[in-house]
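# Structural overview for review
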Amino acid sequence: VVRTKGQNCRDGGDVELYSVADGGHGWPGETMYSGGGYVTQDFSATDTLWEFFKDHPRAEPAHE
C-alpha cells in the first residue's frame, strides 16, 4: 500500500491517494472477497475515509 498526500491544494484543500499493488474491486480492510484482485488488510478504507472527512469538514460557501 502506498499513500500519496497532497496538501494546500487550490482553495486550501487536501487530497490523499491510497494505491494497493495488485488490488482490485475489494474494499481494503474487509475480510469478504468480492473477486477482481487482492484485498489488503494493511488498512481499513472505512476508518481511513472517516478520519479524513472528520479532519476535513466541508467549508460553508461564502455568502455575498
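Definitions and cut-offs
Residues numbered from 1 in each chain as written. Predicted model: local features only at pLDDT ≥ 70, side-chain atom pairs only at ≥ 80, totals over all residues. Heavy atoms only, no water. Patch = residues over 30% accessible without salt bridge, like charges linked within 9 Å, V, L, I, M, F, W, Y side chains within 5 Å. Areas by Shrake-Rupley, 256 points an atom, 1.4 Å probe, with all protein chains shown as cover. Salt bridge = Lys/Arg side-chain N within 4 Å of Asp/Glu carboxyl O. Helix = DSSP H or I, 4+ residues; strand = E, 2+ residues; numbered from the N terminus. Buried < 20%, exposed > 50% of the residue type's maximum accessible area, 1.4 Å probe, protein only. Contact = heavy atoms within 4.5 Å.

Attention now moves to a nonpolar patch on the surface. Side chains of Trp27, Leu49 and Phe53 sit close together on the surface and give an oily, nonpolar patch of about 320 Å² of accessible area. Position of tryptophan 27 relative to the elements: it lies in the loop between strand E2 (15-19) and helix H1 (45-55).

Positionally, glycine 6 belongs in strand E1 (residues 2-6). Exposure remark for glycine 6: the relative accessible area of 17% places this residue in the buried category. Along the primary structure glycine 6 and glutamate 16 are separated by 10 residues, whereas in three dimensions their C-alpha atoms are 6.2 Å apart. Once residues within four sequence positions are removed from consideration, glycine 6 is found in contact with Gly13, Asp14 and Val15.

Spatial relationships are all this shows, so hold off on functional conclusions.
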